[in-house]
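Structure assessment
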Number of protein chains: 2
Amino acid sequence: MRIFACQINPVVGDLTYNLKKIVEKIREAKKKGAHVIFFPELALCGYPPEDLLFFPHFIQQMEGCLDTIAAETKGVFVVVGFVRANNKKIGKPLFNSAAVFIDGACVGFKDKTLLPTYTVFDESRYFEPGEKQKVWEFCQKKIGIVICEDVWQYSGRVGYTRYHRDPLKEIEKHQPDLLLNLSASPYYFQKKEVRLDVFSKAAKFLQAPMIVCNQVGANDQLVFDGYSLSINAKGELVQLAKGFEEDTLVVDTDQKSLTCLCTSDPIQDLYQALKLGVKDYFAKQGFTKACFGLSGGIDSALTACIAVDALGKENVIAFCMPSRYSSLSSLEDSVQLADRLGIERKDIPIDGLFQHFLDLLSGQFLGRAPDTTEENVQARIRGMILMALSNKFGYIVLSTGNKSEIAMGYTTLYGDMAGGLDVIGDVSKTMVYKLARWINRKEEIIPRSILEKAPSAELSYNQKDQDTLPPYDQLDIVLGEYVEEHMSAESIAKKHRLDLEMVKDLIRRIHRSEYKRRQGPPSICVTKRAFTKGRVLPIVQRWVY
Amino acid sequence: MRIFACQINPVVGDLTYNLKKIVEKIREAKKKGAHVIFFPELALCGYPPEDLLFFPHFIQQMEGCLDTIAAETKGVFVVVGFVRANNKKIGKPLFNSAAVFIDGACVGFKDKTLLPTYTVFDESRYFEPGEKQKVWEFCQKKIGIVICEDVWQYSGRVGYTRYHRDPLKEIEKHQPDLLLNLSASPYYFQKKEVRLDVFSKAAKFLQAPMIVCNQVGANDQLVFDGYSLSINAKGELVQLAKGFEEDTLVVDTDQKSLTCLCTSDPIQDLYQALKLGVKDYFAKQGFTKACFGLSGGIDSALTACIAVDALGKENVIAFCMPSRYSSLSSLEDSVQLADRLGIERKDIPIDGLFQHFLDLLSGQFLGRAPDTTEENVQARIRGMILMALSNKFGYIVLSTGNKSEIAMGYTTLYGDMAGGLDVIGDVSKTMVYKLARWINRKEEIIPRSILEKAPSAELSYNQKDQDTLPPYDQLDIVLGEYVEEHMSAESIAKKHRLDLEMVKDLIRRIHRSEYKRRQGPPSICVTKRAFTKGRVLPIVQRWVY
């Protein structure tokens, strides 16, 4: 039996586009002798559709696509992820479902049983759990179908809950010869290894091969890395699709396959995730050009490299906006980087406007010493310039804040936080350096001086990040343990031998800057818990303040 | 039996403060001869605690408060809403629970059964449903305990779901003599009437009196209106606590009560909700002073009135920031309003800075006609000035966008959308006028000319909102039906006899400006669906674009 796992990149909500893609893939696969053809979770509407699901006419339109798909399935077995109405009038009114087509007709549905509702997932907001497991017979094989989370309970690797049911154990009694898993499993750092463990344990338990078709592409802030895969009945990996691009995994169940390895450079994967995140954010909205402020620091340098790779150098424009506090070396580094990347670079010095602003408010500020106010004004003038260029020329502004400084509130709201997308908003400073070194692995693209100098916002004389922040390696440990793992200050200090008062101070700063992040730009989620999606903290709270 | 429903205003996360308040209320009630004393849902941590719940040490601290409460309950029956760990290691690791104390000891828990997971509620993200209903005996009475949503299934008035269980029917077999309902039911326009219907049906069904203790106060964007109440076994309202402030409802079950009416002006309630939203947003964060841009338009006028009422006139400062497009009448109206409210008003003309900015970018903009770019620049200069004043003096900036213009994207990101709180961000333009007229009901506070002139952003010559938007009464119909009710364009046009193309265009504009709202300030939620909480729409989608 020849099985095609069509790892497609759907656009959320674009039923016409996604349907066309699904039909094309079915036709291609049939030409290549397919018996079974299947698609990712919610392939018809793209994952995650979010509150579009609340519009009843959206659901009706989706259900209306099934006839078109059915007409393409003469002689084959096809499974497509979509959303269907729950007509039982009890529970939530929708199912996260898979439509099963055999030989020209839709023969039934398999609804997702386990509905992740933690981190970035909120499926209990929309869906009713599927009731029972079943198998379909085709070519003398019993084919079981599960959707993403359904196989995760068994390995105990689900987040923040232990489900009451284990669909894998329920499906076992049907003794499937083959399990198809429709997934929309988003990337985070080193997630691929977790996924392989989960799927491997599932196949081994069922003593049946499992083929996983995962969505690829970025939708809003989530990146789906693809890496669809085939696992044999022993739980060994035998085939792996490409990561971060569309691909079709063709599995011949009659051919003996060798096992293969799941190796890749995690930093390279991270880079690819960020690149795809930028690419799809622009392409799916119909934008082509990006602009950003090039400061001479590592954050904007990294952002520039990723943007050029994702959008093409002809579509990326750098604006250098020096003030009285900008160093000559920063300007030189900016020029060198822009030249190496081959991007357009324009200089718009802001000092005159900055002085005009200070003069305008000098009456109000009389008798007050300069403080972060004046620093923020510079950042906001730059943000305003970039936004004006965005308005006039249709660029999307890329903001360049990293996760570490965003955690600390070491960023200016409406200033350097202005932008349509913060490319590295979920990347800690430590990882920023790793990515920069990875980009420079063959030749120096990011000037070495950018990598070597002490980080500075250059908003006052001789300012350095480390004047007011602890070393980034310590900060990033606290960031990871507190934000991603919810550890207490005491546990973090003990585990990493850090000063307890410093840890507490950092945690206080994280909570106190919640109000800034609430208004920050979207970022590309690449960790287990980003600030911009899947984390819901009150602004007004007094547990930590 | 004397029952005290202590309608308190807890601060999210502030266990020390909330515990102290609970203990004080218990002591007071005991002095007044209480037998039963109870508090709102999650009174100990405040509702909604959101992802603070993911910190295991937060839960431990909460559980650690029970002993202190127990020590206060000698001779009485006390119920306090809090969160407890689910020690069964199956399902979600927490319960939304009520701790029951009798005569000095914690005698058990009653966990919430129905977990709302729609609109602003995401309780399935955190909690495991409670298993069974039970009653406690005290003073020869069987007392049943339910938590908020638990009684909503019966009346069929829950949102977007029909639960599989009905706790009310489950508790019926225990034949309670009295039902206590711990609630944290947020305000929306005319919600009180809905609530009364729900509780009335519940009491009637059980043929037992029900006393509801609802949280009061604003936490972040949600306002809890209080209005705790007592309903007799026939389902008639017999007592109603105050709205929008702390209160204690004292119910004597042995006394015969007359029925009372639940009447109030819905516009007055809306005004009270906004006022309390502002008051608590400031007080609970430890801020006292607000500043805002006073334009001479109705939105900033209404915001000013609410802010003065919530914070005191000495704590509100208005900045008039005219440009070349500002009309003389707007300035005059601003002066008059500020004088009537008795607030400080300062003028900071922005035209010089605006011209400087235009000159700076004239090279970039060469050959391009003026467009919204130049309009946005003015709005952003104003935002920048207000933020600088905020930074220097510790004001919270109030932004003044209404829901109708925010829906259309007829607002400037980082410009008039800059601020810590958008007071009227969930109030449609139609309701803005109603509120303004309500404020003027006894005497003219908001100058009549502000109410009478055509709305204008005054960002270009002779600009009027209606140049690019349909009349607000039509816009607001579409806004309500599409955003709150999820109706299709066709249904809206048909139902309200509106032009279908206009309706479609408005819906497109709503989706296209999603990216702006994602970065907008928090607002005070006063409708069934605000843009800023309880609504999750993708930026990158192509269903409507």
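The rules behind each value
- Residues numbered from 1 in each chain as written.
- Chains lettered and ligands numbered in written order.
- Predicted model: local features only at pLDDT ≥ 70, side-chain atom pairs only at ≥ 80, totals over all residues.
- Helix = DSSP H or I, 4+ residues; strand = E, 2+ residues; numbered from the N terminus.
- Rg over C-alpha atoms; globule rule 2.2 N^0.38 Å.
- Buried ≥ 20, exposed ≤ 12 C-beta atoms within 10 Å, placed from the backbone.
- Contact = placed C-beta atoms within 7 Å.
- Least-squares fit on C-alpha atoms with pLDDT ≥ 70 in both.
- pLDDT = per-residue confidence, 0-100.
- Pairing = 2+ DSSP bridges.
- Right-handed = clockwise from strand over helix to strand, strands pointing away.
- Axes fitted to C-alpha atoms, helices over the stretch in contact; angles between N-to-C directions.
- Domains from an automatic or database assignment.
- Nonpolar A, V, L, I, M, F, W, Y, C, P; charged D, E, K, R; others polar.
- Parallel < 35°, antiparallel > 145°, perpendicular 65-115°, else oblique.
- Left-handed = near helix turned anticlockwise from the far one by under 90°.
- Expected span 1.5 Å × (residues − 1).
- Arc of directions from axis to C-beta.

What about the overall build of chain A?
A count of helices and strands for chain A gives 18 helices and 21 strands. Taken over the C-alpha trace, chain A has a radius of gyration of 25 Å; the compact-globule value for 545 residues is 24 Å, and the two agree within 12%. The dimensions of chain A, computed from C-alpha atoms along their principal axes, are 85 × 50 × 50 Å. In chain A, which comprises 545 residues, the share counted as buried stands at 58%. Taking as baseline every contact in chain A between residues at least 6 positions apart, the subset at least 24 positions apart corresponds to 72%.

Some words on the relation of the copies chain A and chain B
Overlay of chain A on chain B (RMSD 0.0 Å): rotation 180°, translation along the axis 0.0 Å. When the rotation and shift are considered jointly, the pair of chain copies conforms to a two-fold rotation axis. The C-alpha atom lying nearest the rotation axis in chain A is that of A:Q519; the distance is 2.1 Å. Residue by residue, 99% of the interface of chain A is reproduced at the interface of chain B, so both copies engage with the same surface.

Describing the confidence of the model for chain A
Summing up the model confidence of chain A, the mean pLDDT is 96 and the portion of residues at 70 or higher is 100%. Among the prediction metrics, the complex's ipTM stands at 0.96, with pTM recorded as 0.97.

Topic: the pairing of strand β11 (residues 210–214) of chain A
Residue and element names in this part refer to chain A. Within β11, five of the five residues are buried, which leaves the element mostly enclosed by the surrounding structure. With burial as the criterion, each face of β11 is covered, one bearing M210, V212 and N214 and the other bearing I211 and C213. Two elements, strand β10 (residues 178–183) and β11, share five bridges in a ladder whose sense is parallel. Residue pairing in the sheet places N181 in a bridge with V212 of β11. Tracing the backbone out of β10, into helix α6 (residues 191–206) and back to the parallel element β11 gives a crossover that is right-handed. Bridge count for β11 against strand β14 (residues 229–231) is three bridges, and the pairing is antiparallel. Following the sheet pairing, I211 is matched in β14 by S230.

With respect to the sheet that holds strand β2 (residues 36–38) of chain A
Residues and elements named next belong to chain A. Taken in spatial order, the six strands of this open sheet run β5-β4-β3-β2-β1-β16, and their pairing is mixed. Edge positions in the sheet fall to β5 (105–111) and β16 (247–252), since each has one partner strand and no second. Direction aside, the axes of adjacent strands within the sheet are offset by 25° on average. Inspection of the sheet shows strand β4 (residues 94–102) paired to β5 by six bridges, in the antiparallel sense. Each bridged residue has a counterpart across the sheet, and for A98 the counterpart in β5 is K110. Its contacts with the sheet put helix α2 (residues 56–63) on β3 (77–85) and β4, and the angle it makes with β3 is roughly 160°.

Comments concerning the domain arrangement of chain A
All names here are of chain A. Structurally, chain A comprises domain 1 (2–264) and domain 2 (277–469 + 513–518). Measuring from the centre of the C-alpha atoms in domain 1 to the corresponding centre in domain 2 gives 40 Å. Split into classes, the residues belonging to the side of domain 1 that touches domain 2 amount to three nonpolar, one polar and no charged.

So, the packing of helix α11 (residues 372–393) of chain A against helix α11 (residues 372–393) of chain B
The interhelical angle for the contact between α11(A) and α11(B), taken along N-to-C directions, is 165°, at an axis separation of 10 Å. As far as their axial angle goes, α11(B) and α11(A) are roughly antiparallel. The two elements α11(A) and α11(B) cross, and the hand of that crossing is right-handed. On α11(B), the residues touching A:T372, A:T373, A:N376, A:V377, A:R380, A:M384, A:M387, A:A388, A:N391 and A:K392 of α11(A) are B:T372, B:T373, B:N376, B:V377, B:R380, B:M384, B:M387, B:A388, B:N391 and B:K392. Among the residues making up the contact of α11(A) with α11(B), the classes are represented as eight nonpolar, eight polar and four charged.

Points about the interface of chain A and chain B
Each partner contributes to the interface: chain A provides 73 residues, whereas chain B provides 72 residues. Where the side of chain A that touches chain B is concerned, the elements lending two or more residues are α2, β6 (117–118), α10 (351–365), α11 and α18 (514–518) of chain A. With 13 residues, α11(A) is the single largest residue contributor to the side of chain A that touches chain B. Partitioned by chemical class, the residues of the side of chain A that touches chain B number 34 nonpolar, 23 polar and 16 charged.

Let's talk about the environment of B:K284
If you trace the backbone, B:K284 turns up in the loop between α7 (266–283) and β15 (290–293). Taking the C-beta count within 10 Å as the criterion, B:K284 has 26 such neighbours and is therefore assigned buried. The spatial distance from the C-alpha of B:K284 to the C-alpha of B:Q268 is 24 Å, given a sequence separation of 16 residues. Beyond its immediate sequence surroundings of up to four residues, B:K284 is in contact with A:V540 and B:V11.

Looking at unusual backbone geometry
All names here are of chain A. In this chain, Y47 is followed by P48 through a cis amide linkage whose omega measures 0°. Position of P48 relative to the elements: it lies in the loop between β2 and α2. Here Q207, not a glycine, exhibits a phi torsion of approximately 50°, which is positive. For Q207, the location among the structural elements is in the loop between α6 and β11. Among the residues examined, Q207 registers 13 C-beta atoms within 10 Å and is labelled partly exposed.

Regarding the sheet that holds strand β6 (residues 135–138) of chain B
Residues and elements named next belong to chain B. As summarised here, the arrangement of the six strands in space is β6-β7-β8-β9-β12-β13, forming an open sheet in which the pairing is mixed. Single-partner strands in this sheet number two, and they are β6 and β13 (237–240). Strand after strand, the sheet turns through a mean of 20° between neighbouring axes, direction not considered.

Brief notes about helix α1 (residues 15–31) of chain B
Residues and elements named next belong to chain B. In this model α1 runs 24 Å from its N-terminal to its C-terminal C-alpha over 17 residues, within 8% of the 24 Å that 1.5 Å per residue would give. Of all the positions in α1, only L15, N18, L19, K21, I22, K25, I26 and A29 are classed as buried. Here the buried residues of α1 occupy an arc of 160° about the axis, which is enough to place them on one side. Exposed residues on α1 whose side chains face more than 90 degrees from its buried face are K20 and K31. Turning to α1, the residues buried within the fold contact β1 (2–7), β2 (36–38), α2 (56–63), α3 (66–70) and β3 (77–85). Where α1 terminates, the next one or two residues include G33, which has phi positive at roughly 80°.

Quick notes on the pairing of β3(A)
Residues and elements named next belong to chain A. Across the nine residues of β3, seven count as buried, placing the element largely inside the fold. Where β2 lies against β3, three bridges are found, and the strand directions are parallel. If you follow V36 over to β3, its bridge partner there is F77. Pairing of β3 with β4 involves nine bridges; the strand directions are antiparallel. By the bridge assignment for β4, V79 is matched with V100.

A short note on the environment of A:L66
Residue and element names in this part refer to chain A. By the element assignment, L66 lies in helix α3 (residues 66–70). For L66, a count of 19 C-beta atoms within 10 Å translates into the label partly exposed. Between the C-alpha atoms of L66 and L258, which are 192 residues apart in sequence, the distance is 37 Å. In this structure, L66 is in contact with A99 and C106, ignoring residues within four places of it in sequence.

Quick notes on helix α9 (residues 328–341) of chain B
All names here are of chain B. Taking 1.5 Å per residue as the helical rise, α9 with its 14 residues ought to reach 20 Å, and the 20 Å between its terminal C-alpha atoms agrees with that figure. Three or more residues of α9 are buried, namely S330, D333, S334, L337, A338 and L341. Projection of α9 onto a plane perpendicular to its axis shows the buried side chains occupying an angular sector of 130°, all on one side. Turned more than 90 degrees away from the buried face of α9, the exposed residues are L328 and D339. If you follow the buried residues of α9, they end up packed against α8 (298–311), β16 (316–320), β17 (344–347) and α14 (448–452). Following α9 by one or two positions, G342 has its phi on the positive side, about 70°.

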